[in-house]
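Architecture and fold: a report
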Amino acid sequence: MATIKEIAALAGVSRGTVDRVLNNRGSVSAATAAKIKQIATALDYKPNRAGLALAAQKKKLRLGVILFSAENPFFADVLKSVQKKAEELASYGCTVLVEQIPLLADAQLQAIDKLIAAKVNGIALAPCNDPRIRARIDMLSAQGIPFVTLNTDIEHSKRIAYVGSDYKKSGATAAGLLRLMTFGEVFIGILTGSSDILCHTERIAGFQNALSSYQDRMHIVTVTETFDDEIESYEKTTKLLQEHKEINALFFAAGGVYGGCRAIAALGLQNKLCTIAFDKAETTQLFLEQGILSAVICQQPHIQGEKPLELLFSYLTTGELPSRDRYFVAADIRILENID
């Protein structure tokens, strides 16, 4: 295995210069840095893990995490995994700070500012798809604060990686489930979180595209936003089903599943609708047992909680970018018989 000493000899520089380049410390000319990195790559240089651990402890890294509402069962599970990873990173002297916010870009900007004021070295966040968020990510990235997006991505930003579902594929999966689980003409109501959240719009786009070949029998009646709020979901699901008696299928493309399912039960429509939602939770199993939900698609919250912190920590200690731009989790289909 190549060493810093060997790289220094080949590059004609000191070991200290190589160390600064490979660990992103100090000022080295662009030409010299490029030469050192080229040699390190050619020799397949791998940093010493024990040395990295020691360096990380000296740096006392602080990582920030921004998640959506704690009332959403999915993000409650993500938070558990964030906390588990934070305990592991604590042994390296790394501190993890968490902010949970509503589905609002202004709230997200405030959370970012709060974490920057706390002097975090990197941030993992589920971003609103808002140009102000993109601009803030790009500005802070240029200042040396990396971002990893989780659960939902943001288009054309300078984040270093995304961890979460392939949302167009998961939307198409939901459409495929409805196609297989229904007969005759199907009239579908879609309940979503917010058009400002990229994963919500991509799920619906994937859903609509997958149904385009079955327009003779499968029809989308309307799309309603609930902002992942359970009370608003209850009220809007009730209104939707009362005003559109023809609806015989529902697609919950985001949160608000608990409120929506309560509305279905209150109207006495359990076992009368084919309803697809996302994420495994205690209430999900209950609603499957009661015939209110037909199937759910899970998206591995433990990975979405742990992986972003792992990527940020690795980047900040080694200077190496993640090996991939996107880390997609599997679309895990659950019905009553396998919800456990």
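The preceding data block contains the structure.
Attention in this report is confined to the structure presented alongside it. Predicted, not measured: the structure shown is a model, and the values here were computed from it.

So, the pattern of salt bridges
Opposite charge on two side chains permits them to pair, given that their charged atoms come into close proximity. With the rule as written, the count across this model stands at 14 salt bridges. Between Asp153 and Arg159 there is a salt bridge, and its shortest N-O distance comes to 2.8 Å. For the pair Asp153 and Arg159, a shared accessibility class is recorded, and that class is buried. Measuring nitrogen to oxygen at the nearest pair gives 3.0 Å for the salt bridge that ties Lys307 to Glu310. Taken as a pair, Lys307 and Glu310 lie in helix H13 (residues 301-318) at a separation of 3 residues, close to a single helical turn. Owing to a relative accessible area of 22%, Lys307 belongs among the partly exposed residues under this scheme. Among the residues examined, Glu310 registers a relative accessible area of 34% and is labelled partly exposed. Bridged by salt links that share partners, the residues Lys85, Glu88, Lys307 and Glu310 form one connected network.

Remarks on the nonpolar core
Counting 50 residues, the largest nonpolar core has Leu63, Ile66, Phe68, Val96, Ile123, Leu125 and Ile133 as its most contacted members. If one sorts the elements of this core by residue count, helix H5 (residues 73-90) sits on top with 7 residues. With sequence-adjacent residues up to four places away left out, Ile133 is seen in contact with Ala105, Gln108, Leu109, Leu125, Pro127, Cys128 and Ile154. Ala175, Met218, Cys274 and Phe278 belong to the second-largest nonpolar core, a separate cluster that totals 19 residues.

What counts, and where the lines are drawn
Residues numbered from 1 in each chain as written. Predicted model: local features only at pLDDT ≥ 70, side-chain atom pairs only at ≥ 80, totals over all residues. Heavy atoms only, no water. Salt bridge = Lys/Arg side-chain N within 4 Å of Asp/Glu carboxyl O. Buried < 20%, exposed > 50% of the residue type's maximum accessible area, 1.4 Å probe, protein only. Helix = DSSP H or I, 4+ residues; strand = E, 2+ residues; numbered from the N terminus. Core = buried A, V, L, I, M, F, W, Y, C linked by side-chain atoms within 4.5 Å. Contact = heavy atoms within 4.5 Å.

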